[in-house]
Amino acid sequence: MTQADRPPEIYVDADACPVRDEILKVADRHGLIVHLVSNRGFRTTDRPNVHNVLVPDTFDAADDWIAERIGPGDVAITGDIPLAARCLENGAKVLDTKGKAFTEHGIGMALAMRELMSDLRAMGEVSGGGPGFTKQDRSRFLGALEQAVRR
């Protein structure tokens, strides 16, 4: 079976993922395989379609594991912009945990903005994080993931 002939698999950058339950709900509904990739221990599941992947606690180990395995048609869930870029290069669809799709057209701007914000934080010009995670974010994510796996 070629990559194009099989259903998509979902790869989750799971360490700080607030939408694991939603991912599992969609995966169960469609019979999809999910890879929950983390460098920290987390509560595992006994679902046969869910692979709990524990990677070493080294820089970018989870990102590398995902980027080396994800392929065309698969779906990545991450807020990590460099990982999103790597997944897009491999032909995958990429969503952040609020349901925003990363695209080949917009990833360059996202990487540039990430770099700018990093520089501004280092200079003390910007502090704090973004807005909190809301029910609307969870709902938007669920709709976006459902749409991504149906395509």
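This text goes with the structure placed above it.
Small disclaimer: the values here were computed from a predicted structure and weren't measured.

How each quantity is defined
Residues numbered from 1 in each chain as written. Predicted model: local features only at pLDDT ≥ 70, side-chain atom pairs only at ≥ 80, totals over all residues. Heavy atoms only, no water. Helix = DSSP H or I, 4+ residues; strand = E, 2+ residues; numbered from the N terminus. Contact = heavy atoms within 4.5 Å. Areas by Shrake-Rupley, 256 points an atom, 1.4 Å probe, with all protein chains shown as cover.

Peer 1: Can you tell me about the overall build of the protein chain, naming the residues and giving the values?
Peer 2: Regarding its fold elements, the protein chain presents five helices and six strands. Reading the helices (α) and strands (β) of the protein chain from amino to carboxyl end gives β-α-β-β-α-β-α-β-β-α-α. For the protein chain, the proportion of contacts with a sequence separation of at least 24, taken over those separated by at least 6, is 50%. By element, 52% of the accessible surface of the protein chain is carried by carbon and sulfur atoms, the whole surface being about 8800 Å².

Peer 1: Could you give me a rundown of unusual backbone geometry, with the residues and numbers involved?
Peer 2: Phi is positive for aspartate 60, close to 65°, though the residue is something other than glycine. Among the structural elements, aspartate 60 can be located in the loop between β3 (50-54) and α2 (61-69).

Peer 1: An account of the environment of alanine 85 is requested, with residue identities and associated values reported.
Peer 2: As for its placement among the helices and strands, alanine 85 is situated in helix α3 (residues 81-89). Remark: the alpha-carbon pair of alanine 85 and phenylalanine 102, spanning 17 residues in sequence, is separated by 8.1 Å.

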